[in-house]
Amino acid sequence: MCGIVGYLGKGEAYPALIKGLKRLEYRGYDSAGVALISKKDGSLNVYKTKGKVADLEAYCADKDISGSVGIAHTRWATHGEPSAVNAHPHYSSSKNLAIIHNGIIENYASIKKNLIAKGVEFRSDTDTEVLVQLIEYIQVKKNIDLLTAVQVALRQVIGAYAIALLDKRNPNQIIAARKQSPLVVGIGKEGDFYLGSDASPIIEYTDKVVYLEDGNIAVMRLGEPLQVVNIQNVKLNPEVQTVDIDLGQIEKGGFPHFMLKEIFEQPECLRNCMRGRVVDNGVVLSSITDHRQQLLNAKRFIIVACGTSWHAGLIGKQMIENYCRVPVEVEYASEFRYRNPVVTKDDVVIAISQSGETADTLAAIKLAKEKGAFIYGICNSIGSSIARETDTGTYIHVGP
Ligand code: GLU
C-alpha cells in the first residue's frame, strides 16, 4: 500500500503535493502521479509517470501545474504492471473525476465485467480504475451528488482502500474514504486541508489532524469545517488530535529502526498475501486451478531461488513432499544455471524471487524452459521479468 497526499486551500497545491510525495518515498513505490484543477481554465489535469517523484517533476516541467486543490499518489502495483497508464490518478470516462487509491479492490473483476457490459471503456489494468468508473456510472445513472455516489459504490466494494477523489465541477472539494488502509486529514490554520496516507506529508503544515477510522468518508470543502460521515451517511464527530512527533519517528512507524518496523509489519504482510485466497476449506490460487493438469503430471518439482527465497524453498520442499508425495529438489539458481542440470518436460520448476528480477533465477528459468519444463513463478513485483518469463505463477502481494 503506497502513498496518498492531498491539498485543498488558497495556496498552490503542486509544491505541497510533490513535497508530500517525497516524504512518503521511504515506503517504496514504482510510479507517481498528480491531479490538479487548473486555476487557468478549470480543467482537471492528470500527470503521471513510471519511476520516481523526480521523474514526475521532470514530466510536469512544461505543464500547467496551477491549482489550489490537488491529489497525488505513489503506487506500488498490485493489479497491472508498473506503467504510466496504470499509475494513479485515474480519470473516470468523462474525465470529470480523478481518483487515487491505496489498497486492493478484491471484487474488481466482477464489477469491471458488469460495467463493460454496460458500455464503460477502461484505460488501465488496475482495480482502482474500476472504482472511479463505478462511482461515475452510479452518479450519472441515478443523477445523484458525488458523496452519495461514493457511498453507494463503496457498499458494493470488497477489499481494502484509502481513496481520494476530485471532481472538476466542484473545484473546492476533496472526498476521501478509508477501509483497512490508513488515511489522515490535516486541518490547517487558514481553513486549508491536507491529506496523507500517514501524517508525514502533513505535520510541517499543521499539528491538528484527524485519523480517519474504517468506514469513514471525509468531505473537505473550502470555507467549511471538515465533515465526516459513514457509508450509510450517518454524521460522525471526528476527533481532532494534536500530533507531537517528528518526521523521523513517523517514517519509522514509531519504531527506532526500519528493521524493527519491518519485523512488526510481518503480520500485516501475511494478511495481505492471504487476503481473498483462503476460503472455507483451503486455499484457492487461480494459477494452480488454471494449470491443474501440468501440476498433477509433474514427476518432480525443482525449486530455484537465491538467498532468503532459497530458504523459503526448503520449507516448500518439506510441504510439497509431505502433502503431494512428489520429489522436490531445491537448487541455488546461481549453481543450477552454470551446470548442465537434468531437467525434462515432466518437471515443474518453481522460481522464487521477491523482486522478480534476480538475474541468476531468471537465467535458471530460461535454461529450464529450453529443456521443456513447466515454469511456475512466485514473486512480489507485478510485471517483473520473472513474472513475464514464467508460464504461470503467484504474486505474494506483501508490498514494498
Ligand atoms: N491496487 C492499486 C493498483 O494496483 C493500488 C496499489 C497501491 O496501493 O499503490 O494500482
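Here, the structure is the one placed above.
Residues numbered from 1 in each chain as written. Predicted model: local features only at pLDDT ≥ 70, side-chain atom pairs only at ≥ 80, totals over all residues. Heavy atoms only, no water.

**Considerations on the pairing of strand E8 (residues 173-179)**
So, point 1. For E8, a buried count of six out of seven residues is recorded, marking the element as mostly surrounded by other parts of the structure.
So, point 2. As defined by bridge partners, strand E7 (residues 159-167) adjoins E8 across four bridges and the pair is classed as antiparallel. Counted as the bridge partner of Leu165 is Ile175 from E8.
So, point 3. The hairpin formed by E7 and E8 contains five residues between the paired strands. (Buried < 20%, exposed > 50% of the residue type's maximum accessible area, 1.4 Å probe, protein only. Helix = DSSP H or I, 4+ residues; strand = E, 2+ residues; numbered from the N terminus. Pairing = 2+ DSSP bridges.)

**Quick notes on the environment of Leu362**
So, point 1. With respect to the secondary-structure elements, Leu362 resides in helix H13 (residues 359-370).
So, point 2. With relative accessibility at 14%, the residue Leu362 sits in the buried group.
So, point 3. Each C-alpha atom, one on Leu362 and one on Ile386, is 6.1 Å from the other, the two residues being 24 residues apart in sequence.
So, point 4. Setting aside residues up to four positions removed in sequence, Leu362 forms contacts with Ser385, Ile386 and Glu389. (Contact = heavy atoms within 4.5 Å.)

**Comments concerning the sheet that holds strand E18 (residues 300-305)**
So, point 1. Read across the open sheet, the five strands follow the order E19-E18-E20-E21-E22; overall the sheet is parallel. Of all strands in the sheet, those bounded by a partner on one side alone are strand E19 (328-332) and strand E22 (392-395). Averaged over all pairs of adjacent strands, the angle between strand axes in this sheet comes to 20°, irrespective of strand direction.
So, point 2. As paired strands, E18 and strand E20 (residues 347-353) are joined by five bridges and run parallel to one another. Residue pairing in the sheet places Phe301 in a bridge with Val348 of E20.
So, point 3. The strands that helix H11 (residues 307-324) touches are E18, E19 and E20; relative to E19, the one it contacts most, it runs at about 175°.
So, point 4. Sheet strands in contact with H13 are E18, E20 and strand E21 (374-379), and its direction is about 165° off that of E20. (Axes fitted to C-alpha atoms, helices over the stretch in contact; angles between N-to-C directions.)

**What about the pairing of strand E6 (residues 97-105)?**
So, point 1. Buried residues dominate E6, accounting for nine of its nine residues.
So, point 2. Here strand E5 (residues 90-91) pairs with E6 via two bridges, running antiparallel. Looking at E6, one finds that Tyr91 is bridged to Ala98.
So, point 3. Once E5 ends, the chain turns through five residues before running back antiparallel as E6, passing Lys95 with a positive phi of about 65°.
So, point 4. Judged from the nine bridges that link them, E6 and E7 form a sheet pairing that is antiparallel. Across the sheet, residue Leu97 finds its bridge partner in E7, namely Asp167.

**Focus on the packing of helix H3 (residues 108-117) against helix H4 (residues 127-142)**
The geometry of a pair of packed helices is captured by two quantities: the angle between their axes and the separation between those axes.
So, point 1. H4 packs onto H3 with a crossing angle of 45° between their chain directions and a minimal axis gap of 10 Å. In terms of orientation, H3 lies oblique with respect to H4. Viewed along their axes, H3 and H4 form a crossing whose handedness is left-handed. Touching Tyr108, Ile111, Lys112 and Leu115 of H3 are Asp127, Val130, Gln133, Leu134 and Tyr137, all from H4.
So, point 2. Looking at the contact of H3 with H4 residue by residue, the classes come out as six nonpolar, one polar and two charged. (Parallel < 35°, antiparallel > 145°, perpendicular 65-115°, else oblique. Left-handed = near helix turned anticlockwise from the far one by under 90°. Nonpolar A, V, L, I, M, F, W, Y, C, P; charged D, E, K, R; others polar.)

**Quick word on the state of the cysteines**
By definition, a disulfide is the covalent link that joins the sulfur atoms of two cysteine residues.
So, point 1. Per the stated rule, a full pass over the model turns up zero disulfides.
So, point 2. The structure places no disulfide on Cys273, whose sulfur is separated from the nearest cysteine sulfur, that of Cys269, by 9.1 Å.
So, point 3. Cys273 supplies the cysteine sulfur nearest to Cys324, a cysteine that is in no disulfide, at a spacing of 18 Å. (Disulfide = S-S within 2.5 Å.)

**Observations regarding the site of the ligand**
So, point 1. The immediate surroundings of the ligand are formed by 15 residues, with Arg75, Thr78, His88, Gly103 and Asp127 found nearest.
So, point 2. For the ligand, an oxygen atom lies 2.9 Å from a polar atom in the backbone of Trp76.
So, point 3. Taking Gly103, its main chain carries an N or O atom lying 2.7 Å from a nitrogen atom of the ligand.
So, point 4. Isolated, the ligand exposes 300 Å² of accessible area, and the fraction of that covered by the protein chains is 100%.
So, point 5. Each residue belonging to the shell around the ligand can be placed in one class, and the counts come to four nonpolar, nine polar and two charged. (Near = heavy atom within 4 Å. Polar contact = N/O pair within 3.5 Å; in protein donor to acceptor, adjacent residues only side chain to side chain. Areas by Shrake-Rupley, 256 points an atom, 1.4 Å probe, with all protein chains shown as cover.)

**Let's talk about the packing of aromatic side chains**
So, point 1. In this structure the tally under the stated criterion is four aromatic pairs.
So, point 2. Ring geometry for Phe255 versus Phe264: centroids 5.0 Å apart, planes at 20°, classification stacked.
So, point 3. Put simply, the rings of Tyr7, Tyr194 and Tyr205 pair up and form one aromatic cluster.
So, point 4. Lying over the aromatic face of Tyr59, Lys63 brings its terminal NZ or CZ to 4.1 Å of the ring centre.
So, point 5. Between the NZ or CZ atom of Lys112 and the centre of the ring of Phe122, over which it lies, the distance is 5.0 Å. (Phe/Tyr/Trp six-rings, centres within 6.5 Å; stacked < 30°, edge-to-face > 60°. Lys NZ or Arg CZ within 6 Å of the ring centre and 35° of its normal.)

**Let's talk about the nonpolar core**
So, point 1. Residues Leu131, Ile135, Val150, Leu154, Leu165 and Ile217 are the most contacted members of the largest nonpolar core, which totals 29 residues.
So, point 2. Elements with a contribution of two residues or more to this core: E6, H3, H4, helix H5 (146-156), E7, E8 and strand E12 (216-221).
So, point 3. By residue number, the principal contributor to this core is H5, which donates seven residues.
So, point 4. Contacts of Ile217, omitting those with residues within four sequence positions, involve Leu147, Val150, Gln151, Leu154, Ile175, Ala176, Ala177, Gln227, Val228, Val229, Asn230 and Ile231. (Core = buried A, V, L, I, M, F, W, Y, C linked by side-chain atoms within 4.5 Å.)

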